[in-house]
Amino acid sequence: MAQARIGVIGLGEFGIQHLRCFRQMGYWGEAQLVAACEINEELLERRMQEFDFTGYTDYEEMLDREDLDGVTVVTPDYLHRMFVVAAAERGIHVLSEKPLDVTMEGCREMIEAAERNNVLLQVDFHKRFDEYHIAMKQKIDAGDLGEIEYGYAHMEDRIEVPRDWWPAAAEKSSPAWFLGIHFYDLARFLMNGARGTRVWATGVKKKLKSLGVDAWDSISAKVEFDNGATVMFDTSWIMPDPFEAIVNQGIRLVGTEGMLECDSQDRGTITCTYEEGMMTHNKSFLRERIDKQGRQIFEGYGMDSIADFARNVNVLIDGGTLEDLGDYASGYDGLEATRIGVGVHKSIETGEVVDLTEL
Ligand SMILES: NC(=O)c1ccc[n+]([C@@H]2O[C@H](COP(=O)([O-])OP(=O)(O)OC[C@H]3O[C@@H](n4cnc5c(N)ncnc54)[C@H](O)[C@@H]3O)[C@@H](O)[C@H]2O)c1
């Protein structure tokens, strides 16, 4: 079986998860972490000490020099487009972090570049790999809920994310782009690919502004889908520091024949220590173990979603076609989630209901 030669662009807070994923796929003969690019030289150096790859500060040099089969893009929300297009134009398969882009034109350009060069364009919508969500989808697909009429989703980060991790990038992103996009896609995934048709949204800037960060605190959006359902999405990144988890999240859907509700954060594990206070842990997302060879291994849907890309690339290297890959979060899915995100921000700006089909 092929072992995709992988490069990673952007080695920040989440880039390390991509490095971990491809390093351990190397242990199992499934992929090779060949190269990675990061403009922050001190960070690049640190990552190179922990992981074994050829480091670059110029992504074009990496794409031109290394014989890569696939590249993953883990740069800030508004900065995926140029890397995705550059890889696709060189015939390299690409996984983009979510959101695919924060504009419709950007998504369309990426999709066109991938189609023109016949390469895989995949988006890291990991909520599709959460076993709890997969169980929800099985019940919905079996018709147990009947026709879905309405629903509610929330995703809320602790304030350290926009305040401490990257305040400048937070001003160019939002709770809708960073968090909401996961659940816009999850709602589409659960509702058999339903497309957003209309949205009305509101946003508040108070807490972060008082801390000198000009970013949205919270965004609430009511989205209508073409299956007739409406779903409310509440997103924020101002949960107080003592909150019991870095993220709080969940979804419920109600149909003509039944309802489903999922606490996507609390998986039943709590801890309490003097240092951390009360904590709940979503071990389905990421959990660490040491294997029998003494190597650090990470498991969970956060890893599965990234690994799925490399496995898809292996199928293509072995002569398969994009059609052989079955379901995956495609560039089109990225575009449809971004359509909702663009509409959400347009509605906040105008105060109007936005027709998503016109975007
Ligand atoms: N799937 C998930 O669970 C998840 C979680 C967190 C973040 N993300 C996504 O991952 C992406 C990155 O988020 P993050 O929190 O890691 O941000 P981050 O700011 O910590 O990391 C981004 C990195 O990209 C680097 N970068 C910027 N321009 C570059 C360039 N031209 N060449 C090479 N490197 C460059 C930055 O120096 C930085 O280190 C975002 O799109 C975010 O939405 C996904």
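Predicted model, so just to flag it, every value in this text is computed and none were measured.

Chemist: Could you clarify how one ought to interpret the overall build of the chain in this entry?
Modeler: The helix and strand inventory of the chain stands at twelve helices and 17 strands. Taking 21 Å as the expected radius of gyration for a compact globule of 359 residues, we find that the chain reaches 20 Å, a close match to that expectation. For the C-alpha atoms alone, the extent of the chain along its principal axes is close to 50 × 50 × 40 Å. Residue pairs at least 24 apart in sequence account for 69% of intrachain contacts in the chain once pairs closer than 6 positions are excluded. On the chain, roughly 15,700 Å² of surface is accessible, and the fraction owed to carbon and sulfur atoms is 48%. The average position of the 36 basic charges and that of the 64 acidic charges among the side chains of the chain differ by 2 Å.

Chemist: Help me understand helix α11 (residues 301-317), please; the structure alone is not making it clear to me.
Modeler: One turn of the α-helix equals 3.6 residues, which is why residues spaced by three or four share an orientation. Between its first and last C-alpha atoms α11 spans 24 Å; for 17 residues at 1.5 Å apiece the expected length is 24 Å, and the two agree. Among the 17 residues of α11, 13 are classified as buried, and the element is accordingly described as predominantly covered. Downstream of α11 by one or two residues, G319 has phi in the positive range, about 100 degrees.

Chemist: It is not clear to me how the sheet that holds strand β10 (residues 230-239) should be interpreted in this structure. Could you clarify?
Modeler: Remark on secondary structure: sheet strands pair via backbone hydrogen bonds, oriented parallel or antiparallel. Read from one edge of the open sheet, seven strands run β12-β11-β7-β10-β9-β8-β17, paired in mixed fashion. Looking at the sheet topology across the chains shown, the edges are occupied by β12 (259-263) and β17 (354-355). Inspection of the sheet shows strand β8 (residues 196-204) paired to strand β9 (residues 218-225) by eight bridges, in the antiparallel sense. Note that in β9 the partner of V204 across the bridge is S218.

Chemist: Which parts of the structure should I look at to understand the site of the ligand?
Modeler: By nearness alone, 24 residues border the ligand, and F14, E38, D77, K98 and H126 come closest of all. One of the side-chain nitrogen or oxygen atoms of D77 is found 2.5 Å away from an oxygen atom of the ligand. Within the contact set of the ligand, an oxygen atom lies 3.2 Å away from a side-chain nitrogen or oxygen of H126. For the ligand, whose free accessible area comes to 840 Å², the fraction covered by protein is 87%. Its residues placed into classes, the shell around the ligand shows twelve nonpolar, six polar and six charged. When residues of the shell around the ligand are assigned to domains, at least three map to each of domain 1 (4-126 + 289-329) and domain 2 (130-285 + 338-358).

Chemist: How should the environment of V204 be read in this particular structure?
Modeler: Note that V204 resides in strand β8. For the pair formed by V204 and Y150, sequence separation is 54 residues and the distance between their alpha carbons is 24 Å. Here V204 is in contact with W216, D217 and S218, once residues within four sequence places are set aside.

Chemist: Teacher, can you tell me more about helix α5 (residues 104-116) here?
Modeler: When the terminal C-alpha atoms of α5 are compared, their 18 Å separation across 13 residues agrees well with the 18 Å that a helix rising 1.5 Å per residue should span. Those residues of α5 that fall on the buried side of the exposure criterion are M104, G106, C107, M110, I111, A113 and A114. Backbone geometry just downstream of α5 places N118 in the positive-phi region, at approximately 50 degrees.

Chemist: For this particular structure, what's the right way to read the domain arrangement of the chain?
Modeler: The accessible area lost on association of the parts is a frequent measure of interface size. According to the domain assignment, the chain contains domain 1 (4-126 + 289-329) and domain 2 (130-285 + 338-358). Here the C-alpha centroids of domain 1 and domain 2 sit 25 Å apart. Listed by partner, the interface residues are 22 residues for domain 1 and 20 residues for domain 2. Where domain 1 touches domain 2, the interface holds zero salt bridges. Counting across the interface, domain 1 meets domain 2 through seven residue pairs in polar contact (both at pLDDT 80 or more). For the side of domain 1 that touches domain 2, the secondary-structure elements that each account for two or more residues are α5 and α11.

Chemist: How should I be thinking about the environment of M191 in this particular structure?
Modeler: Along the polypeptide, M191 turns up in the loop between α9 (175-190) and β8. We classify M191 as buried; its relative accessible area is 6%. Between the alpha carbons of M191 and E41 there is a distance of 44 Å; along the sequence they are 150 residues apart. If sequence neighbours within four positions are ignored, M191 has contacts with I148, F225, N227, A229 and V231.

Chemist: Hey, could you run me through the nonpolar core in this one?
Modeler: Judged by nonpolar contacts, the single largest core of 81 residues is most densely connected at M62, L63, V71, F225, F233 and V344. Among the elements that line this core, the one with the most residues is α9, at eleven residues. Taken domain by domain, the makeup of this core includes at least three residues from each of domain 1 (4-126 + 289-329) and domain 2 (130-285 + 338-358). Formed by 29 residues, the second largest nonpolar core is a distinct cluster that contains I6, F22, A307 and A310.

Chemist: Can you help me understand the sheet that holds strand β2 (residues 31-37) in this one?
Modeler: Strand order in the open sheet made by the six strands is β3-β2-β1-β4-β5-β6, with parallel pairing throughout. Of all the strands in the sheet, the pair left with one neighbour each is β3 (54-56) and β6 (121-123). Sheet twist, expressed as the average angle between the axes of neighbouring strands with direction ignored, equals 25 degrees.

Chemist: Teacher, can you tell me more about the state of the cysteines here?
Modeler: Each disulfide is one covalent bond, formed between the sulfur atoms of two cysteines. Taken as a whole, this structure holds zero disulfides when the rule is applied. Cysteine C21 is unpaired, with the sulfur of C37 as its nearest cysteine sulfur at 19 Å. The class for C21 is buried, based on a relative accessible area of 2%.

What counts, and where the lines are drawn
- Residues numbered from 1 in each chain as written.
- Predicted model: local features only at pLDDT ≥ 70, side-chain atom pairs only at ≥ 80, totals over all residues.
- Heavy atoms only, no water.
- Helix = DSSP H or I, 4+ residues; strand = E, 2+ residues; numbered from the N terminus.
- Rg over C-alpha atoms; globule rule 2.2 N^0.38 Å.
- Contact = heavy atoms within 4.5 Å.
- Areas by Shrake-Rupley, 256 points an atom, 1.4 Å probe, with all protein chains shown as cover.
- Lys, Arg positive; Asp, Glu negative; His and termini not counted.
- Charge placed at Lys NZ, Arg CZ, Asp CG, Glu CD.
- Expected span 1.5 Å × (residues − 1).
- Buried < 20%, exposed > 50% of the residue type's maximum accessible area, 1.4 Å probe, protein only.
- Pairing = 2+ DSSP bridges.
- Near = heavy atom within 4 Å.
- Polar contact = N/O pair within 3.5 Å; in protein donor to acceptor, adjacent residues only side chain to side chain.
- Nonpolar A, V, L, I, M, F, W, Y, C, P; charged D, E, K, R; others polar.
- Domains from an automatic or database assignment.
- Salt bridge = Lys/Arg side-chain N within 4 Å of Asp/Glu carboxyl O.
- Core = buried A, V, L, I, M, F, W, Y, C linked by side-chain atoms within 4.5 Å.
- Axes fitted to C-alpha atoms, helices over the stretch in contact; angles between N-to-C directions.
- Disulfide = S-S within 2.5 Å.

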